[in-house]
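The residues making up each chain are set out below.
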Amino acid sequence: MTGVRVAGVGLTHFGSHPERTGRDLFAEASATALDDAGIDRSLVEQLNYGNFMGELSEHQGHQGPLMAEAAGLDAPATRYESACASSGVAVREAVKDVRNGEADVVLVGGAERMNNLGTAKTTEALAIAADDLYEVRAGMTFPAAYALMAQAYFEQYGGSREDLAEIAVKNHDNALGNEFAQFQREISVEDALDAPMVADPLGLYDACPITDGASAIVLVSDEFAEQHDLDAPVSITGTGQGGDKMALQDREYLARTPAAEKAAEEAYDDAGIDATDVSVAEVHDCFTIAEVLALEALDFYAQGEAIGAAARGETTRDGGLPINLSGGLKAKGHPVGATGTSQITELTRLLRGDHHNSDAVDGDVGVAHNAGGTVASTTVHVLEVNQ
Amino acid sequence: MKRHDARDDGFDDFLDAIESGEGFYLECENGHGSLPPRRLCPHCGSDELAEVALPETGTIETFTVVRVAAPEFEADTPYVTAVVDFGGVRATGQMRGVEVDAVETGMEVEAGIGETETTGERILVFHPR
Ligand SMILES: [Zn+2]
């Protein structure tokens, strides 16, 4: 079984670009990734592409071949949809294909266009990642779903809105200097606490913004990297995926995310590491409480103990385990289908030393955690600098 | 116009049953509860599902006050969405008959059917016991 290298990465600016189409965004990100890899696009054997709400936002299904065109590829292309984990799933399938010899060069990416819908319509569109019969028809929005988990967490383990605010403050701080981030401004705990409530106990600053953007990575086999003398020091050494019941009401736990626990365990086993080996992670903080749940699922913390991690300075840039050095979904932005591959992009650059926050990384193992819906699906990937 | 003109068998049966005071849920041979429509128990895969009576009261396990809603619920805000534990099964619905700020975890409630303010759509609601 061959190893899988990240040969190149690319991002568009994440933000509000209502005038730009999905195909334009992906054309930019894919071109950047191929340039970064130094690979001619004619060598790409397939495109794995993640997108969630293209039918609603652009009246566009069947985006695989469309995005292959945008990327200038003459190759088969498949769209993966797994809500906010769409491109995480696309990465996992690409890793499998490279490992088993099906392909030597795979372009993986994702894009989402959201701002052209407006806030109300976007809220409605995102809600389709929940159970239509039993959740959406009860008026549950996405922030509401995470609020239900936050409330359950507080009830079971304790924690406060201040603890959540510290996570938002940290991730905004990390985004300072990230040219691709939607928000590049500091916020204070007071700003977060004073912001309007969206779904109690979550306020506006507990939520990621509505974002347009695209990301892409080029994955190649070890053999291909050697034959073409590529400078590709980072490999994906572990992949895992987990699932859970669609609706919160059918879950065993409301304040834990077993789908992420399973994905993490599988990815760690695959890479032959455990949580203590990890130096840096990008986790799916679509809401501040989601970062807490992720840190526990990834086994960085025991159940109920990650809530104060940011406040205690453990997950900040100068802490022992920096989390979301990109700014995370909270400050960098969350163009849903692009998020999974953007996390791999950020980690690759953090590990190879060309990220604005690379100095904060002490070690050579990174983990990406990408969650779909209310964590009914999750992928976890382990990235390591080649020894 | 209502969005959900088509009948969703199972789900609408469930709402009908609640409305007529004969709420039920599905229970498999291993005692796992779920709400219809199901052909299999979502917890163990058993196809031996029987309708059992929904207990008259449940307790709020978790809830949130929704202040920013999708267009279909715009006129309903602020409203409480709650997940209620009925023992054998949990259900998600809106709290009625209580100020939004007075809702608490552990509150005892009973299930009923209401309408949304925005669209008049039928919805599962809970009232304080
Ligand atoms: Zn069962």
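Just above, that's the structure.
This write-up is about the structure you can find in this document.

How each quantity is defined
- Residues numbered from 1 in each chain as written.
- Chains lettered and ligands numbered in written order.
- Predicted model: local features only at pLDDT ≥ 70, side-chain atom pairs only at ≥ 80, totals over all residues.
- Heavy atoms only, no water.
- Helix = DSSP H or I, 4+ residues; strand = E, 2+ residues; numbered from the N terminus.
- Rg over C-alpha atoms; globule rule 2.2 N^0.38 Å.
- Buried < 20%, exposed > 50% of the residue type's maximum accessible area, 1.4 Å probe, protein only.
- Contact = heavy atoms within 4.5 Å.
- Areas by Shrake-Rupley, 256 points an atom, 1.4 Å probe, with all protein chains shown as cover.
- Lys, Arg positive; Asp, Glu negative; His and termini not counted.
- Charge placed at Lys NZ, Arg CZ, Asp CG, Glu CD.
- Donors = N, O, S within 2.8 Å, 3.2 Å for Na, K, Ca; no water.
- Core = buried A, V, L, I, M, F, W, Y, C linked by side-chain atoms within 4.5 Å.
- Phe/Tyr/Trp six-rings, centres within 6.5 Å; stacked < 30°, edge-to-face > 60°.
- Lys NZ or Arg CZ within 6 Å of the ring centre and 35° of its normal.
- 1 Å grid on protein atoms, 1.4 Å probe; cavity = no way out; pocket = protein on both sides within 12 Å on 5 of 7 lines; lining within 4 Å.
- Points joined across faces, edges and corners; volume = space filled by probe spheres on them.
- Buried area = accessible area lost by both parts, 1.4 Å probe.
- Salt bridge = Lys/Arg side-chain N within 4 Å of Asp/Glu carboxyl O.
- Nonpolar A, V, L, I, M, F, W, Y, C, P; charged D, E, K, R; others polar.

### Thoughts on the overall build of chain A
Here comes step 1: Helices and strands together make up the secondary structure of chain A, namely 13 helices and eleven strands.
Here comes step 2: For 387 residues, the compact-globule estimate of 2.2 N^0.38 gives 21 Å, and chain A sits close to it at 19 Å.
Here comes step 3: Projected onto the principal axes, the alpha-carbon positions of chain A cover approximately 55 × 45 × 40 Å.
Here comes step 4: In chain A, which comprises 387 residues, the share counted as buried stands at 66%.
Here comes step 5: Counting only contacts in chain A whose residues sit at least 6 apart along the sequence, the fraction spanning at least 24 positions is 78%.
Here comes step 6: Summed over all atoms, the accessible surface of chain A reaches about 12500 Å², with 44% contributed by carbon and sulfur.
Here comes step 7: Side chains of chain A carry 24 positive and 63 negative charges; the gap between the two charge centres is 5 Å.

### Let's talk about the coordination of the zinc ion
Residue and element names in this part refer to chain B.
Here comes step 1: Only C28 (SG), H32 (ND1), C41 (SG) and C44 (SG) from the protein coordinate the zinc ion, and they sit 2.1 to 2.3 Å from it.
Here comes step 2: Along the chain, the residues that donate to the zinc ion are spaced as C-x3-H-x8-C-x2-C. With C28 in strand β1 (residues 24-28) and C44 in the loop between β2 (33-34) and β3 (49-53), this residue pair connects regions lying 16 residues apart in the sequence.

### Observations regarding the nonpolar core
All names here are of chain A.
Here comes step 1: Residues Y146, Y268, I289 and F300 are the most contacted members of the largest nonpolar core, which totals 76 residues.
Here comes step 2: In terms of residue count, helix α6 (residues 142-157) provides more of this core than any other element does, eleven residues in total.
Here comes step 3: Discounting residues that sit within four places of it in the chain, Y146 has contacts with L202, C286, F287, I289, A290, G373, T374 and V375.
Here comes step 4: Core analysis: the second largest hydrophobic core is formed by 28 residues, L47, Y49, A68 and L73 among them.

### A closer look at the packing of aromatic side chains
Here comes step 1: According to the stated counting rule, one finds nine aromatic pairs over all chains in the structure shown.
Here comes step 2: Taken together, a centroid distance of 6.1 Å and an interplanar angle of 50 degrees make the contact between F142 of chain A and Y146 of chain A tilted. Of this pair, F142 of chain A and Y146 of chain A are both found in helix α6, four residues apart, which corresponds to roughly one turn of the helix. An identical accessibility class is assigned to F142 of chain A and Y146 of chain A; each is buried.
Here comes step 3: The interplanar angle of 40 degrees and the centroid separation of 5.8 Å between the aromatic rings of F73 of chain B and Y79 of chain B together place this pair among those described as tilted.
Here comes step 4: Across from the ring centre of F183 of chain A, 5.0 Å away, lies the NZ or CZ of R185 of chain A, which sits over that ring.
Here comes step 5: The positively charged end of K330 of chain A is found above the aromatic ring belonging to Y205 of chain A, 5.5 Å away from the centroid.

### Focus: unusual backbone geometry
Here comes step 1: Geometrically, the link from D200 of chain A to P201 of chain A is a cis peptide bond, its omega value of 5 degrees lying close to zero.
Here comes step 2: By the secondary structure assignment, P201 of chain A is in the loop between β5 (197-199) and β6 (202-203).
Here comes step 3: Note that the residue after P36 of chain B, namely P37 of chain B, is joined by a cis bond; omega there is 0 degrees.
Here comes step 4: One non-glycine residue with positive phi stands out, namely A83 of chain A, at about 55 degrees.
Here comes step 5: Secondary-structure assignment places A83 of chain A in the loop between β3 (77-80) and α4 (86-99).
Here comes step 6: On the basis of relative accessibility, which here comes to 7%, the residue A83 of chain A falls in the buried class.
Here comes step 7: A positive phi is found at V375 of chain A, a non-glycine position, where the angle reads about 65 degrees.
Here comes step 8: Within the element layout of this structure, V375 of chain A appears in the loop between β10 (365-372) and β11 (377-385).

### What to know about the layout of surface pockets
In this approach a probe as big as a water molecule rolls over the atoms, and the regions it shows empty are the leftover space.
All names here are of chain A.
Here comes step 1: Roughly 580 Å³ of volume is contained in the largest pocket.
Here comes step 2: Along the wall of the largest pocket there are 29 residues; nearest its centre are P143, A207, C208, P209 and I210.
Here comes step 3: Of all elements in the fold, only α5 (119-127) and α6 reach the threshold of two or more residues within the lining of the largest pocket.
Here comes step 4: No other element matches α5, which puts four residues into the lining of the largest pocket.

### A short note on the interface of chain A and chain B
Here comes step 1: Taken together, the contacts link 30 residues of chain A with 34 residues of chain B.
Here comes step 2: Roughly 2900 Å² of surface becomes buried between chain A and chain B when both sides are summed, with 57% attributable to carbon and sulfur atoms.
Here comes step 3: Of all residues in chain A, the largest losses of buried area upon contact with chain B belong to Y134, R137 and Q249 of chain A, amounting jointly to 25% of the total for that side.
Here comes step 4: Linking chain A with chain B are three salt bridges.
Here comes step 5: The residue D8 of chain B makes a salt bridge to R137 of chain A at a minimum N-O spacing of 2.8 Å.
Here comes step 6: Mapped by element, the contributors of at least two residues to the side of chain A that touches chain B are α5, α6 and β5 of chain A.
Here comes step 7: Broken down by element, the side of chain A that touches chain B gets its largest block of residues, six residues, from α6 of chain A.
Here comes step 8: Among the residues making up the side of chain A that touches chain B, the classes are represented as 15 nonpolar, five polar and ten charged.

### Notes on empty space enclosed by the protein
Here comes step 1: Across all of its chains, the model carries six cavities of 30 Å³ or more by this definition.
Here comes step 2: Size it by volume and the largest cavity reaches roughly 70 Å³.
Here comes step 3: Lining the largest cavity, in full, are L133, Y134, E135, R137 and A138 of chain A together with F11, L15, T92, R122, I123 and L124 of chain B.
Here comes step 4: Among the elements of the structure, α1 (11-19) and β8 (122-128) of chain B are those that each provide at least two residues to the lining of the largest cavity.
Here comes step 5: Looking at the lining of the largest cavity, its residues break down into seven nonpolar, one polar and three charged.

### A look at helix α3 (residues 63-70) of chain A
Residue and element names in this part refer to chain A.
Here comes step 1: Among the residues of α3, Q63, G64, L66, M67 and A68 are the ones counted as buried.
Here comes step 2: Where the residues of α3 are buried, they touch α1 (22-37), β2 (46-50), α2 (54-58) and β3.
Here comes step 3: Positive phi appears at G72, one or two residues downstream of α3, with a value of about 75 degrees.

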